[in-house]
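Descriptive analysis of the structure
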Amino acid sequence: MYEEIEKMKVYMDNAATTRVDDEVFEEMKPYFTEKYGNASSLHSFGQEAHEIMEISREKIAKLINAEPKEIIFTSGGSESDNMAIKGIMWKNKDKRDHIITSKIEHPAVLRTCEFLEKHGFDITYVGVDKNGLVNPKEIEDAITDKTNLVSIMHANNEIGTIQPIEEIGKICKEKKVIFHTDAVQTVGKVPIDVKRLDVDLLSASSHKLHGPKGVGFLYVRKGLQIDALIHGGGHESGKRSGTENIPGIVGFGKACEMAMDEMEKRNKKLIMLREKLINCVLEKIPKSYLNGDKEKRLLNNAHFRFDYIEGEALLLRLDMEGIAGSTGSACSTKSLKPSHVLMALGLSPVQSHGSLRLTLSKYNTEAEVDYVLEKLPKVIMDLRSISPLNDTNIDDFPDEDINHGAGEYE
Amino acid sequence: MYSEKVMEHFKNPHNLGEIKDADGIGKIGNPTCGDIMWCYIKVRKNEKGKEILKDIKVKTFGCVAAIATSSMITDLAMGRTLEEAKKLTKDNVKDALQGLPKIKVHCSNLAADALHKAIEDYENKKKKDNQKN
Ligand code: FES
């Protein structure tokens, strides 16, 4: 008999959100109850708020080598994406009405593009290869004299693939097309230098890097004209109205500062843990696969696929063991459609059912990885033992038979 | 999002697995999200000479709701006469599980349908055997 190891609580869903760092939280506290002024007010309370906001803006700008003026505070990644795309398309709508984006973008980009499509704009969605990489050549070929914007994410939130945005940026610059990248998953994890990257617009979110929720930024390259999404009192040099979320901004600033200081140390550990996790899972569990590119991959992302089991059941069985992850299975979504990212890789719905994303942060430990490596194979074996699918009959299930949306059952 | 009953059955599902020498097998796929359920039954006559479900086992490739409904259908049908089992509906399963989230109701169809198909399979086989004899 093996000894039952003690139950742990393991959070490996850091692509969804991260724990706020204690130091970040400490720094935010006074701005709720003591220094609660409105940054637009002229009195000392207001000035105090304004000052700390600008200090935070500087810290944040430094992380991506931007100028403080180029940082526009928003409520988070989704707003930044919306503002970037709608703002820039609206500004130039009479001259250029074409957007190029990819099939694996975050919904904040895809739904925004669909919305614009309904309002007469023209969208091209480029595909990806089986590892989830966009081909820059394909973007170049899709550019016409009507193209105003290219929007390609830096790293994919599901499979962690890092796109060749430097190359795409170059192409855009050459063709005089505006380039936006959703860098929500990379800011604070990967060194980013907007001056070197030829990026015109870049979205980021605080809660992905141990900052608070409800705050993000859009980097807008100096000189680039963009329409506001939210109109009002003219905050953020008229680009984004609304009283600034000072405690959030302070926390975001601190989180960026820490990310910059600790990046090397954090990343060393993350890569070590991720490699162990990936290699051991693939070794220990038969019929397991890695989704996304092995090399061009976010350093905290492990995205697996296991044959013959379903992701929602897998997720909740893991949750029973104290392990938090996420899945792209159709059954886990409100639409009952499998993840658009996994479909774009060319996986079948039945393959995408058994997907599991584990994303790490600086708080994860090797003991936690060991714990997952102990529990995960058991959970998978258990679910496989009650699954009708196995090696010998899987070919009896053509995709059409068990595809989503093939008929209305209810 | 799930009721306590659903989680209870999901955590410790009853009668999941396979019957090697089953009298009837019902295989069903779910076109909504792509899940699969196979139901195995063993039939025997009771003292009154009526055919009953002596054993039921289910194999499921699906979500939490699909696993819980698989487990529940075996509880509801075990020991029942075939006539009674045929009358079990998805609503019986759903109610016994203290309800299902709206989006998961389609999973409960699967369990009742797989059971009915298994009974049908048994009855078809019996008919064929009778014709042979
Ligand atoms: S089996 Fe797919 S949603 Fe329940």
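This report concerns the structure included in the present document. (Residues numbered from 1 in each chain as written. Chains lettered and ligands numbered in written order. Predicted model: local features only at pLDDT ≥ 70, side-chain atom pairs only at ≥ 80, totals over all residues. Heavy atoms only, no water.)

Examining the overall build of chain B
Going by this rule: Strands are runs of DSSP state E lasting at least two residues, helices are runs of H or I lasting at least four, and both sets are numbered from the N terminus onward. Atoms counted for the radius of gyration: C-alpha only. Globule rule: 2.2 Å times the number of residues to the power 0.38. Every residue pair with non-hydrogen atoms within 4.5 Å of one another is taken to be in contact. Method for areas: the Shrake-Rupley scheme with a 1.4 Å probe, in which residue coverage is limited to the protein chains shown. Working convention for charge: Lys and Arg count positive, Asp and Glu count negative, and His plus the chain ends are omitted. Lys charges are placed at NZ, Arg charges at CZ, Asp charges at CG and Glu charges at CD.
Regarding its fold elements, chain B presents five helices and three strands. Counted from the first residue to the last, chain B has its helices and strands arranged as α-β-β-β-α-α-α-α. Relative to its length of 133 residues, chain B is compact, with a C-alpha radius of gyration of 15 Å against a globular reference of 14 Å. With the principal axes as the frame, chain B shows a C-alpha extent of 55 × 30 × 25 Å. Put simply, 65% of the contacts in chain B that link residues at least 6 apart link residues at least 24 apart. Within the structure as shown, chain B displays about 6200 Å² of accessible surface, and the carbon and sulfur contribution to it stands at 45%. Of the charged side chains in chain B, 25 are positive and 19 negative, and the gap between their average positions amounts to 2 Å.

Examining the sheet that holds strand β4 (residues 122–126) of chain A
Residues and elements named next belong to chain A. Worth spelling out the cut-off: A pair of strands is labelled paired if DSSP reports no fewer than 2 bridges between them. As a rule, the C-alpha atoms of each element are fitted with a line to give its axis, helices using only the stretch in contact, and angles between N-to-C directions run from 0 to 180 degrees.
The strand order across the open sheet built from seven strands is β2-β8-β7-β6-β5-β3-β4, with neighbouring strands paired in mixed fashion. Each end of this open sheet is capped by a strand with a single partner; those strands are β2 (71–74) and β4. Geometrically, the sheet is characterised by an average inter-axis angle of 20 degrees between neighbouring strands, direction not taken into account. Judged from the five bridges that link them, strand β7 (residues 201–205) and strand β8 (residues 216–220) form a sheet pairing that is antiparallel. The residue bridging Ser 205 from the neighbouring strand is Gly 216, located in β8. The sheet strands contacting helix α3 (residues 44–63) are β2 and β8, and the helix crosses β2 at an angle near 110 degrees.

Here we look at the pairing of strand β3 (residues 98–102) of chain A
Residues and elements named next belong to chain A. Cut-off, in case you're wondering: Summary of the burial criterion: residues with accessible area below 20% of their type's maximum are buried, those above 50% are exposed, and those between are partly exposed, where the area comes from a 1.4 Å probe applied to protein chains only. The definition of a right-handed crossover adopted here requires that, viewed with the strands pointing away, the path from the first strand over the helix to the second runs clockwise.
By the criterion of burial, β3 is predominantly enclosed, with five of the five residues buried. Here β3 shows no split at all, with His 98, Ile 100 and Ser 102 on one side and Ile 99 and Thr 101 on the other all buried. Alignment of β3 against β4, held across five bridges, turns out to be parallel. Each bridged residue has a counterpart across the sheet, and for Ile 99 the counterpart in β4 is Ile 123. The parallel pair β3 and β4 is bridged by helix α5 (residues 107–118), and the resulting crossover is right-handed. Alignment of β3 against strand β5 (residues 147–151), held across four bridges, turns out to be parallel. Within β5, the position partnered with Thr 101 by the bridge is Ser 151.

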